[in-house]
Amino acid sequence: MRVTVAGAGIVGLSSAYRLVEAGHDVTVVAAAPPAESTSAVAGGVLYPPGRSPDERVVRWTAASLAVFRGQDAPGVRFRRGRVLLAAGEPDPQWFPAVENPARDGDRVEFTTAVVDTPVYLHWLLSRVGSLGVRIEYRPLTSLSGLDADVVVNATGLGAGRLAGDGSMVPVGGQVVHLTDPGLPEFVVDQRGPGVTYVIPHGGHVVCGGTEEPGRADTDPNPAVTADILRRCRELEPRLAGAEVLRSLVGLRPSRREVRLERVGDVVHCYGHGGAGITLAWGCAADVAALVTAG
């Protein structure tokens, strides 16, 4: 079938990959290149943040990790790290999906993929192109009128508008990149009112973060940058002398749960919030199955 994938973030590109792999004729249409997507701002550590009532999350996470493990793609490393939980919090539901999980009090450790998202997205864009996927950059105002048998709505934050879904909310997330002093592992602190994380990628460390529902702009706030630096340097003192490289803001496409379903000739796949990198390959497999099943 002729399939148009709307969106060139991690969800759109991984869906395009699975669809062309299944034998479909695939075109990706997006307003901007992957480097300008929210995916490119992500910290890139694979595990589902928070606690979701959606039972599909664990399956999607496990599937994505299996893909990253088998790809040998640039920007992907498997690293052990730790998450600090609030006192008395039960084991995370995603524990079965990650590698070698262990718990000591309110500290959990596991091995997972750590993805330098701009590097990986560049590779993935090149890969789908080499498989014959056409890429077009132009704004979409509607999902109708496209020259396709099936359309996949993977436009992230724009998906709600295109689908008439008012439940989509932008959630701002600011990060700061520092030089990497050679940190061997990631750390995420979920004990406070917000989440603080330190994710090393070799050349730089992604430090965060913020949760700002309803935010509409992507201009970094200097006061927020200073607060992120304070929190992350308290969490990881080896960052004390690290040079600040840049501050970035992404708008997470958030919804109570991911919408992944087929309605007529449209397959909707959106609402991943801050877990797009984590869930993308698992969701892409389901997208391809829905398109092929008809």
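Residues numbered from 1 in each chain as written. Predicted model: local features only at pLDDT ≥ 70, side-chain atom pairs only at ≥ 80, totals over all residues. Heavy atoms only, no water.

Q: How would you summarise the environment of G43 if you had to cite specific residues and measurements?
A: Mapped onto the fold, G43 is located in the loop between β2 (25-30) and α2 (56-71). For G43, a relative accessible area of 11% translates into the label buried. Placed 37 residues apart in sequence, G43 and R80 show a C-alpha to C-alpha distance of 15 Å. When neighbours within four sequence positions are excluded, G43 is seen to be in contact with V115, I199, H201 and V206. (Helix = DSSP H or I, 4+ residues; strand = E, 2+ residues; numbered from the N terminus. Buried < 20%, exposed > 50% of the residue type's maximum accessible area, 1.4 Å probe, protein only. Contact = heavy atoms within 4.5 Å.)

Q: A description of the nonpolar core should follow, citing residues and the corresponding values.
A: Core analysis: the largest hydrophobic core is formed by 63 residues, its most contacted members being L19, F68, Y120 and V152. The greatest single-element share of this core, amounting to eight residues, is contributed by helix α6 (residues 276-293). If near-sequence neighbours (up to four positions away) are discounted, L19 is found in contact with V3, V5, H24, V26, V152, V287, A288 and V291. Formed by 15 residues, the second largest nonpolar core is a distinct cluster that contains L84, L178, V205 and L229. (Core = buried A, V, L, I, M, F, W, Y, C linked by side-chain atoms within 4.5 Å.)

Q: I'd like to hear about the pairing of strand β1 (residues 2-6), residue by residue, with values.
A: When you tally the buried positions in β1, you get four out of five residues, the bulk of the element. Pairing geometry for β1 and β2, over five bridges, is parallel. Bridge pairing in β2 links A6 to V29. Assessed by its sense of winding, the connection that carries the chain from β1 through helix α1 (residues 10-21) to β2 is right-handed. Across four bridges, β1 lies against strand β7 (residues 150-153) in parallel orientation. In the strand pairing of β7, V3 is matched with V150. (Pairing = 2+ DSSP bridges. Right-handed = clockwise from strand over helix to strand, strands pointing away.)

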